[in-house]
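Residue-level listing of the chains:
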Amino acid sequence: MNSLKDEIRFLFSGQGIPYEKVCLMVAAVVCIVLGTMLSSNISNDAKVAVIDLDNSAYSHELTSRIDASEYMEVTTVLNTPVDPTTLFYRDQAVAVVYFPRGLEKDRYTGAASNIGVFYDNTNTAQTSDIKVALNELIGLDNAAAQGDPGSTNDSLNGTIGLADRNLFNPNGSNYNVEVQGFLFFFGSMFFTFATIGMVPRLRLSHQLDKILLEGTPWDILVRLVPYGACLIVSFVFGMAILRLLGDMTFSGSLLLFLAVQIFYVMTVGTLSTLFGWTAANPGIASSRMILFIPGGFIFGGLTGPISFYPDWVVAASHLFSLTWEYHFVRDIISRGAGFGDISKEFGAFLIYMAVALILFCAKFFSARRALLKRQAQDELHRQKLQQMRLNESAAAGPAE
């Protein structure tokens with residue numbers, strides 16, 4: 001009984017992880033917040049790009065039918081030849097539909113023709129609904145073209161077929177999706193565990209006050225460098241294993257990937273130290289990892305296709321740094337994008353990074369002001385005590 005009482009006393013003392021609060025918060029987040037965000041398990045208005053080289057009334061009609069589907073939304077229509085892979089960068093599209101020249105002519109002259117479809121297979125689940133919807137759409141169109149089956153009303157109109165290709169991960173390998181995603185998730189998570197308790201550790205060792213009074217925010221951020229270097233090396237080491245022992249495909253530039261990782265690691269490290277700043281000790285700080293790492297894992301396109309989520313969930317997911325990482329991984333590693341192809345998203349990420357740095361600097365200088373104020377109060381209190389002692393000594397002198 002004494003051991004039980006002692007452990008209960010420690011649980012509510014605030015010296016360890018506040019599990020009595022964390023367990024209720026996790027239950028609320030999973031059941032309410034995630035329940036709302038993950039309520040859809042189908043692709044609703046998934047983004048589809050159309051390359052319409054025929055530019056005819058018939059191709060326009062097909063485009064309208066695709067856009068009218070509850071599963072698809074036509075976001076781009078191009079009338080000039082374009083490399084379909086470029087339309088997938090930054091997750092701009094889930095599928096690209098290609099209408100060849102002469103489509104309408106073949107349709108009404110009895111010649112068979114094919115419509116090309118390119119699917120983004122970086123997540124094998126995201127195109128399943130679109131494939132079904134497109135096949136149904138073409139099937140209904142062919143049925144209408146041929147009249148009522150079994151009657152004498154059959155026409156000589158040509159049939160349309162779908163010629164599809166799965167891009168970026170054609171064989172649906174887990175090495176290119178799940179395993180690779182877990183590599184970046186667990187790497188980021190343990191990097192956070194290693195750095196989130198840095199400020200509480202400095203506070204307990206009485207080093208933080210000196211840094212606040214004599215140093216700059218960089219004196220704390222520079223401590224992230226060895227941890228960040230280890231994380232980047234672990235990413236490359238892990239991908240090498242996936243490439244040698246598995247069938248992971250690395251389509252882009254390794255140098256570009258490494259350059260992006262430098263900014264990603266510094267951003268995660270900055271957020272880590274910021275979230276752990278007010279913790280009483282490193283143990284309590286570690287529990288705060290859940291606030292900004294798992295969200296990117298859930299909504300970054302690994303556990304579920306982005307096309308499953310409402311637009312507001314996709315926008316809100318960019319609050320988590322790991323979401324940006326998964327975007328860069330898909331573009332650089334899977335799709336082979338160059339710097340120019342990711343420049344727009346990378347620029348947005350730099351703004352995200354700048355906001356994190358501004359918040360960190362604001363916290364640093366706020367803590368400095370609080371320390372100076374506390375020292376001033378302590379000095380004032382010391383002077384008052386000293387004055388009281390002098391007054392007491394002066395009063396005792398005449399009495400003697």
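Residues numbered from 1 in each chain as written. Predicted model: local features only at pLDDT ≥ 70, side-chain atom pairs only at ≥ 80, totals over all residues. Heavy atoms only, no water.

Draft legend 1. Spotlight on the nonpolar core. Ranked by size, the top nonpolar core spans 49 residues in total, and within it Phe184 and Phe328 carry the most contacts. For this core, the elements supplying multiple residues, two or more each, are helix H6 (178-195), helix H10 (225-245), helix H11 (254-276), helix H12 (282-286), helix H13 (294-299), helix H15 (321-334) and helix H16 (339-399). Sequence-distant contacts of Phe328, that is, excluding residues within four places in its chain, are made with Val260, Ile333, Ile342, Glu345, Phe346 and Phe349. (Core = buried A, V, L, I, M, F, W, Y, C linked by side-chain atoms within 4.5 Å. Buried < 20%, exposed > 50% of the residue type's maximum accessible area, 1.4 Å probe, protein only. Helix = DSSP H or I, 4+ residues; strand = E, 2+ residues; numbered from the N terminus. Contact = heavy atoms within 4.5 Å.)

Draft legend 2. Representation of unusual backbone geometry in the model. For Asn55, which is not a glycine, the phi torsion comes out positive at approximately 50°. In this fold, Asn55 is placed in the loop between strand E1 (46-52) and helix H3 (57-68). Non-glycine residue Arg90 carries a positive phi angle of around 60°. Inspection of the secondary structure puts Arg90 in the loop between strand E2 (72-78) and strand E3 (95-99).

Draft legend 3. Summary view of the environment of Glu178. Within the secondary structure, Glu178 sits in helix H6. It is 6.8 Å that separates the C-alpha atoms of Glu178 and Leu302, two residues lying 124 residues apart in sequence.

Draft legend 4. View of the sheet that holds strand E5 (residues 160-167). Read across the sheet, 5 strands follow the order E2-E1-E3-E4-E5 without closing on themselves; strand pairing throughout is mixed. The open sheet has two free edges, formed respectively by E2 and E5, since each of these has just one partner strand. In this sheet, neighbouring strand axes are inclined to one another by 25° on average, regardless of whether the strands run parallel or antiparallel. Sheet topology note: the E3/strand E4 (residues 113-120) ladder contains 4 bridges and is antiparallel. Counted as the bridge partner of Val97 is Val117 from E4. Across the sheet, H3 lies against E1, E2, E3, E4 and E5, angled at about 145° from E2, the strand it touches most. (Pairing = 2+ DSSP bridges. Axes fitted to C-alpha atoms, helices over the stretch in contact; angles between N-to-C directions.)

Draft legend 5. The pattern of salt bridges, seen in detail. With the rule as written, the count across this model stands at 8 salt bridges. Note that Asp91 and Arg330 form a salt bridge whose closest N and O atoms lie 3.0 Å from each other. Placement of the pair is Asp91 in the loop between E2 and E3 and Arg330 in helix H15, with a sequence separation of 239 residues. Of the two residues, Asp91 and Arg330, neither departs from the other in class, the shared state being buried. Arg335 is the partner of Asp91 in a salt bridge, and the nearest nitrogen-oxygen pair spans 2.8 Å. With Asp91 in the loop between E2 and E3 and Arg335 in the loop between H15 and H16, this pair connects stretches of sequence that are 244 residues apart. (Salt bridge = Lys/Arg side-chain N within 4 Å of Asp/Glu carboxyl O.)

Draft legend 6. Molecular detail of the packing of aromatic side chains. Counted according to the given criterion, the structure contains 21 aromatic pairs. Taking the centre distance of 5.6 Å and the plane angle of 70° together, the rings of Phe299 and Tyr309 count as edge-to-face. Placement of Phe299 in helix H13 and of Tyr309 in the loop between H13 and helix H14 (311-316) is noted, with a sequence separation of 10 residues between them. You'll find Phe299 and Tyr309 in the same group, each marked buried. (Phe/Tyr/Trp six-rings, centres within 6.5 Å; stacked < 30°, edge-to-face > 60°.)

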